[in-house]
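# Examination of the molecular architecture
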Amino acid sequence: MAAHLVVLSGPSGVGKSSVIAEALKDLPTTWLSVSVTTRDPRPGEVDGQTYFYVTQERFDQMIAQNELLEWAEYAGNRYGTPRDHVAERLANNIPVLLEIEVQGAMQVRESMPEAVLVFVQPPTWEDLEARLTGRGTESDEQVLARLRMALQEIEAAKDFDHVIVNDDVAQAAHELVSYLS
Ligand code: 5GP
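Here is what the cut-offs are and how they apply
- Residues numbered from 1 in each chain as written.
- Predicted model: local features only at pLDDT ≥ 70, side-chain atom pairs only at ≥ 80, totals over all residues.
- Heavy atoms only, no water.
- Buried < 20%, exposed > 50% of the residue type's maximum accessible area, 1.4 Å probe, protein only.
- Helix = DSSP H or I, 4+ residues; strand = E, 2+ residues; numbered from the N terminus.
- Pairing = 2+ DSSP bridges.
- Near = heavy atom within 4 Å.
- Polar contact = N/O pair within 3.5 Å; in protein donor to acceptor, adjacent residues only side chain to side chain.
- Areas by Shrake-Rupley, 256 points an atom, 1.4 Å probe, with all protein chains shown as cover.
- Nonpolar A, V, L, I, M, F, W, Y, C, P; charged D, E, K, R; others polar.

### Side note on the pairing of strand β5 (residues 68–74)
The two faces of the sheet receive side chains in turn, since in a regular strand these alternate between them. Counting buried positions along β5 yields five of seven residues, so the element is predominantly enclosed. Where β5 lies against strand β6 (residues 77–82), six bridges are found, and the strand directions are antiparallel. Its bridge partner being in β6, Leu 68 is matched across the sheet by Pro 82. Remark: two residues form the turn of the hairpin made by β5 and β6, two consecutive strands paired antiparallel; Ala 75 in that turn has positive phi of roughly 50°.

### What about the site of the ligand?
In the vicinity of the ligand there are 16 residues, among which Ser 35, Arg 39, Tyr 51, Tyr 79 and Glu 99 approach most closely. Tyr 79 is positioned such that a nitrogen or oxygen atom in its side chain is 2.5 Å from an oxygen atom of the ligand. Burial of the ligand by the surrounding chains reaches 95%, relative to a free accessible area of 510 Å². Counting only elements with at least two residues in the shell around the ligand, the list comes to β5 and β6. Among the residues making up the shell around the ligand, the classes are represented as five nonpolar, four polar and seven charged.

Following this line, the structure appears as structure tokens:
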């Protein structure tokens, strides 16, 4: 079986990480890509595990040297997927999961049309607002920026291969597993 590349997107606060954590329990061989970002680590985040935290200069260099499979600016910070890490896994038949925002997902579709694009929707807009405000990891300004991005992202859901509504994490994870199996 050819190794899969699945891209998971969805607005900030929709619970992508929880769905992924649950799904990975059933997918022991799937590798979750670790992105590079110019944003500061949040408390509890670990360099090399949650993200590779890099300077603006290093990020510029990675773009110039074509080291990124895709990258995007999101709410004032830049994020990208190291190309080699993904290529290496796929070459070894290891299924790969990317958790990235919508602009990046569209770039992956362009360069790797075999990728399966999955979008996670909140059950309602109010639910997303409540989750994003309630988690307390961002400033009010950041929450507003992320809600503005969410409006555009939800609009892009129609361009994805599959949409999962996250009103139940276990069910949403189950659906994600089916796209990676
Ligand atoms: P956060 O700052 O909340 O960790 O991430 C903000 C957004 O950036 C999320 O939607 C997340 O999926 C996205 N993101 C994380 N890594 C990447 C990446 O490598 N590329 C792109 N395009 N988006 C990413």
